[in-house]
Amino acid sequence: MQLPAAFYLPDGDGLVATALTIGPWDPGLQHAGPPAALLAREAERVSGISGGQTVRLAYDVLGPVPVGPVRVAARVLRPGRRIELVEATLEAGGRTAMRLTAWRVRTADSADTASPAVPHPVGPEDSAPAQFSAFREEVAYHRSLEWRAATGSLGEAGPAAAWTRPLCTLVEGEPITPLQHLLVMTDAASGISAELDWSRATFANVDLVVALFRQPAGEWLGMDAATTLGPTGVGQCAADLHDTRGRLGRSLASLFVEPR
């Protein structure tokens, strides 16, 4: 199977999404993972803290992101030498479709007070190769990552833990960074831990918050996710995020749930 080499191709002063961005709900709409990574990339590009680290990323999904041309922009809302707040926006289909606010801080050596790293009990080498089968298109988001199921199942209801390795870059001509990989993956937490039948209900997230106490590293990253459904059409997905050293943060997403 011939796959695109990246989620996005440069196009003048913008970018064009490839088929690898296609989400599970509509073949004309992007999965939110690649745009989330693209916004984090833009936030780091305008940062005034050289070599800093992004410690909290809060995304608002303002509407569906069409598969096609996109533009990203960013600005520093609260400058500082040690701590800054950055805002990034993504425009697609003639409107702002996603927004990010990200706290970035300077790095400093605090290894002597760091909590001990606790690796996930099932690493990628002990996890089973898996297929994320909820997608209707042959080439879509699920083909952008190599999936391994650590616990649970990617195709059955209930909590699940999975490891992923990127099979493409974010933007053509650039290596994908571990943080970008983490964001591409993390938006799928509600997919691998789905509590509803994909063919009978939608449960798209309207936001995503990722909070990190350590930056991701290495080619394999993982998430241990669980979805909880409320009684009034709302759900919530929470996930612990890992690399092979151990846990590095958490994510939380609000889900809008309705019948198809």
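Quantities reported herein were computed from a predicted structural model and do not represent experimental measurements.

**Let's talk about the side chain of Asn-205**
Now for step 1: Relative to the helices and strands, Asn-205 is located in strand 11 (residues 201-205).
Now for step 2: Looking at Asn-205, its side chain comes within polar contact range of the side chain of Asp-187, at 2.8 Å.
Now for step 3: Only 3.0 Å separates the side chain of Asn-205 from the backbone oxygen of Asp-207, close enough to count as a polar contact.

**Notes on helix 1 (residues 33-46)**
Now for step 1: Over its 14 residues, helix 1 extends 21 Å from the first C-alpha to the last, a length consistent with the 20 Å expected when each residue adds 1.5 Å.
Now for step 2: Buried residues dominate helix 1, accounting for 11 of its 14 residues.
Now for step 3: Buried within helix 1 we find Gly-33, Pro-34, Pro-35, Ala-36, Ala-37, Leu-38, Leu-39, Ala-40, Arg-41, Glu-42 and Ala-43.

**Focus: the UniProt feature "domain: Acyl-CoA thioesterase-like C-terminal" (unreviewed entry) in the protein chain**
Now for step 1: Following the UniProt record, the feature "domain: Acyl-CoA thioesterase-like C-terminal" (unreviewed entry) maps to residues 124-248 here.
Now for step 2: Span residues 124-248 is 10% helix and 42% strand, its end C-alpha atoms 16 Å apart.

**Details of the packing of helix 1 against helix 2 (residues 178-186)**
In a packed pair of helices, the relevant descriptors are the angle between the two axes and the axis-to-axis distance.
Now for step 1: Closest axis-to-axis distance for the helix 1/helix 2 pair is 7 Å, and the angle between their directions is 150°. Between helix 1 and helix 2, the angle is such that the two are roughly antiparallel. Both helix 1 and helix 2 take part in a crossing whose hand is right-handed. In this structure, helix 1 uses Gly-33, Pro-34, Ala-36, Ala-37, Ala-40, Arg-41 and Glu-44 to contact helix 2, whose residues at the interface are Leu-179, Gln-180, Leu-183 and Val-184.
Now for step 2: Looking at the contact of helix 1 with helix 2, its residues break down into 7 nonpolar, 2 polar and 2 charged.

**Brief notes about the packing of aromatic side chains**
Now for step 1: Scanning the entire structure with this criterion turns up 8 aromatic pairs.
Now for step 2: Relative to Phe-135, the ring of Phe-132 lies with its centre 5.5 Å away and its plane at 80°, an arrangement referred to as edge-to-face. As far as burial versus exposure is concerned, Phe-132 and Phe-135 are alike and both buried.
Now for step 3: A centroid spacing of 6.4 Å and a plane angle of 65° characterise the contact between Tyr-141 and Trp-147, whose relative ring orientation is edge-to-face. Judged on exposure class, the residue Tyr-141 and its partner Trp-147 are both buried.

**Focus on the UniProt feature "domain: Acyl-CoA thioesterase-like N-terminal HotDog" (unreviewed entry) in the protein chain**
Now for step 1: Here the UniProt-annotated "domain: Acyl-CoA thioesterase-like N-terminal HotDog" (unreviewed entry) positions come out as residues 23-104.
Now for step 2: The annotated region residues 23-104 carries 17% helix and 48% strand content, and the separation between its end C-alpha atoms amounts to 29 Å.

**Some points on the nonpolar core**
Now for step 1: The biggest cluster of nonpolar side chains holds 64 residues, and the ones touching the most others in it are Tyr-59, Leu-90 and Trp-147.
Now for step 2: Looking at this core, the element that brings in the most residues is helix 1, giving 6 residues.
Now for step 3: Membership of the second largest hydrophobic core comes to 5 residues, among which are Ala-150, Ala-161, Trp-163 and Trp-220.

**A look at the pairing of strand 9 (residues 160-166)**
Now for step 1: Strand 9 sits mainly inside the fold: 5 of its 7 residues count as buried.
Now for step 2: Taken together, the 6 bridges between strand 8 (residues 145-151) and strand 9 define a ladder with antiparallel strand orientation. What sits directly across from Arg-148, in strand 9, is Trp-163.
Now for step 3: In this structure, strand 9 lies alongside strand 13 (residues 221-229), joined through 5 bridges in antiparallel fashion. Along strand 13, the bridge assignment pairs Thr-164 with Leu-221.

**Section: the pattern of salt bridges**
Now for step 1: Counted by the stated rule, this structure contains 13 salt bridges.
Now for step 2: Residue Arg-214 is joined to Asp-243 by a salt bridge in which the shortest nitrogen-to-oxygen separation is 2.8 Å. Pair noted here: Arg-214 is in the loop between strand 12 (207-212) and strand 13 and Asp-243 is in strand 14 (residues 234-243), with a separation of 29 residues, a long-range link. In terms of burial, Arg-214 and Asp-243 fall into one category: buried.
Now for step 3: Among the ionic contacts, a cluster of salt bridges with common partners joins Glu-146, Arg-148, Arg-165 and Glu-219.

What counts as what
- Residues numbered from 1 in each chain as written.
- Predicted model: local features only at pLDDT ≥ 70, side-chain atom pairs only at ≥ 80, totals over all residues.
- Heavy atoms only, no water.
- Helix = DSSP H or I, 4+ residues; strand = E, 2+ residues; numbered from the N terminus.
- Polar contact = N/O pair within 3.5 Å; in protein donor to acceptor, adjacent residues only side chain to side chain.
- Expected span 1.5 Å × (residues − 1).
- Buried < 20%, exposed > 50% of the residue type's maximum accessible area, 1.4 Å probe, protein only.
- UniProt positions renumbered as here; feature names shortened; annotations may be inferred.
- Axes fitted to C-alpha atoms, helices over the stretch in contact; angles between N-to-C directions.
- Parallel < 35°, antiparallel > 145°, perpendicular 65-115°, else oblique.
- Left-handed = near helix turned anticlockwise from the far one by under 90°.
- Contact = heavy atoms within 4.5 Å.
- Nonpolar A, V, L, I, M, F, W, Y, C, P; charged D, E, K, R; others polar.
- Phe/Tyr/Trp six-rings, centres within 6.5 Å; stacked < 30°, edge-to-face > 60°.
- Core = buried A, V, L, I, M, F, W, Y, C linked by side-chain atoms within 4.5 Å.
- Pairing = 2+ DSSP bridges.
- Salt bridge = Lys/Arg side-chain N within 4 Å of Asp/Glu carboxyl O.

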